[in-house]
Amino acid sequence: MRKPILIAITGGTGSGKSTVAKAIYNNFKKESISIIMQDSYYKDQSDMTIEERTKTNYDHPHAFDTDLLIAHINELASGHPIDIPIYDFTIHNRKKETLREEPKDIIIVEGILILDDQKLRDLFDIKIYVDTDADIRILRRLTRDIRERGRTVDSVIDQYLAVVRPMHLQFTEPTKRYADLIIPEGGKNQVAIDILVATIKQHLSHGKEESK
């Protein structure tokens, strides 16, 4: 089995990372591409009370089990399946169930701090930063957290001002310098999506030639 193409898609909260990932995904056969979310790799917090879990800084690198994510990416790259944790944001902890992921030709890993850790960053063949204005990002996060994570408006705003914004400026924004491609306007930037898809197809064709 040839080595898969590993793609990192990062950017601030609500920047449109998932939209870009899905736009790429839709250009390939489903059996040849997968998307892995960094959010699935928040650390297990079973040893903490629910009150303690709510105080965790989920926008800090220490909140993620990066070693497990690196191990899983290496397993997939070696042709082995993995069991991805399932994180429940309503209880701020992992579920007991996991999600089996099989090796694919293209593996997209998406998250706010994908390029922060050098060991993780060095695994990727293509690194993308989705760059979107802060006012748009907070509105998207507000809508998502209320609809999908059972949050109140006040709690989302308070968290954004106290934690999310300063963590973005300290950890996420600086990783822009590691990106091979910076995409303004996220998934609405069709020119950038087309360039990415063409680049990935080129990588695939080179991989086939090298494996002959």
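Here the structure is a predicted model, which means the values were calculated and not measured.

(A) Inspection of the side chain of His92 at higher detail. Looking at the secondary structure, you find His92 in the loop between β3 (82–88) and β4 (93–101). In this structure, His92 is in contact with Gln45, Ile50, Arg53, Thr54, Tyr58 and Tyr87, ignoring residues within four places of it in sequence.

(B) Helix α6 (residues 153–172), seen in detail. Compared with an ideal rise of 1.5 Å per residue, which puts 20 residues at 28 Å, α6 spans 24 Å between its outermost C-alpha atoms and falls more than 12% short. Taking the largest bend as the criterion, α6 deviates by roughly 50 degrees, centred on Tyr160. Burial in α6 covers these residues: Val156, Gln159, Tyr160, Val164, Met167, His168, Phe171 and Thr172. Along its buried surface, α6 packs onto β1 (5–11), β6 (126–131) and α5 (134–149).

(C) Geometry of the sheet that holds β1. Sheet architecture is open: 5 strands sit in the order β2-β5-β1-β6-β7, paired in parallel fashion. Taken across any chain shown, the strands that pair with only one partner, and hence form the sheet edges, are β2 (33–37) and β7 (181–184). Along the sheet, successive strands turn relative to each other by an average axial angle of 20 degrees, direction set aside. Of the strand pairs in this sheet, β1 and β6 are connected by 5 bridges, and their pairing is parallel. Its bridge partner being in β6, Ile9 is matched across the sheet by Ile128. Across the sheet, helix α1 (residues 17–25) is in contact with β1, β2, β5 (106–110), β6 and β7; its angle to β2 comes to roughly 165 degrees. On top of the sheet, helix α3 (residues 66–77) reaches β1, β2 and β5; it is set at about 170 degrees to β5, its chief contact.

(D) Quick peek at the environment of Pro4. Relative to the elements of secondary structure, Pro4 occurs in the segment before β1. Of the residues examined, Pro4 reaches a relative accessible area of 2% and is grouped as buried. Separated by 149 residues in sequence, Pro4 and Val153 have C-alpha atoms that sit 41 Å apart. If we skip the residues at most four places from it in the chain, Pro4 touches Leu76, Ala77, Lys104, Asp105, Ile107 and Asp125.

(E) Just a negative patch on the surface, in detail. Residues Asp44, Asp47, Glu51 and Glu52 make up a contiguous surface patch of negative charge. Summarising the element assignment, Asp47 is placed in the loop between β2 and α2 (50–54). Its relative accessible area of 69% is what places Asp47 among the exposed residues.

(F) Seen up close, empty space enclosed by the protein. In this structure the tally under the stated criterion is 1 cavity of 30 Å³ or more. By volume, the largest cavity is sized at about 40 Å³.

(G) Spatial organisation of the packing of α5 against α6. The interhelical angle for the contact between α5 and α6, taken along N-to-C directions, is 135 degrees, at an axis separation of 10 Å. If you check the angle between α5 and α6, you find them oblique. As α5 runs across α6, the sense of the crossing is right-handed. Residues Ala134, Arg137, Ile138, Arg141, Leu142, Asp145 and Ile146 of α5 form the contact with α6, whose participating residues are Val153, Val156, Ile157, Gln159, Tyr160, Val164 and His168. Taken together, the residues that form the contact of α5 with α6 break down as 9 nonpolar, 2 polar and 3 charged.

(H) Seen up close, the pairing of β3. Of all 7 residues that make up β3, 5 are buried, and the element is covered over most of its length. In this sheet, β4 lies alongside β3 in antiparallel orientation, the contact comprising 6 bridges. Among the inter-strand pairings, Ile84 is bridged to a residue of β4, identified as Leu99. In textbook terms, the turn of a hairpin is the stretch between consecutive antiparallel strands, and for β3 and β4 this stretch comprises 4 residues, one of which, His92, has a positive phi near 55 degrees.

(I) Summary view of the pattern of salt bridges. Under the definition given, this model contains 11 salt bridges. A salt bridge links Arg100 to Asp83; the nearest nitrogen and oxygen atoms lie 2.7 Å apart. Residue Arg100 is found in strand β4, and its partner Asp83 is found in strand β3; the two are separated by 17 residues along the sequence. Judged by relative accessible area, Arg100 falls into the partly exposed class, the value being 47%.

The rules we used
- Residues numbered from 1 in each chain as written.
- Predicted model: local features only at pLDDT ≥ 70, side-chain atom pairs only at ≥ 80, totals over all residues.
- Heavy atoms only, no water.
- Helix = DSSP H or I, 4+ residues; strand = E, 2+ residues; numbered from the N terminus.
- Contact = heavy atoms within 4.5 Å.
- Expected span 1.5 Å × (residues − 1).
- Bend = angle between axes of the 7 residues up to and from the residue.
- Buried < 20%, exposed > 50% of the residue type's maximum accessible area, 1.4 Å probe, protein only.
- Pairing = 2+ DSSP bridges.
- Axes fitted to C-alpha atoms, helices over the stretch in contact; angles between N-to-C directions.
- Patch = residues over 30% accessible without salt bridge, like charges linked within 9 Å, V, L, I, M, F, W, Y side chains within 5 Å.
- Areas by Shrake-Rupley, 256 points an atom, 1.4 Å probe, with all protein chains shown as cover.
- Salt bridge = Lys/Arg side-chain N within 4 Å of Asp/Glu carboxyl O.
- Lys, Arg positive; Asp, Glu negative; His and termini not counted.
- Charge placed at Lys NZ, Arg CZ, Asp CG, Glu CD.
- 1 Å grid on protein atoms, 1.4 Å probe; cavity = no way out; pocket = protein on both sides within 12 Å on 5 of 7 lines; lining within 4 Å.
- Points joined across faces, edges and corners; volume = space filled by probe spheres on them.
- Parallel < 35°, antiparallel > 145°, perpendicular 65-115°, else oblique.
- Left-handed = near helix turned anticlockwise from the far one by under 90°.
- Nonpolar A, V, L, I, M, F, W, Y, C, P; charged D, E, K, R; others polar.

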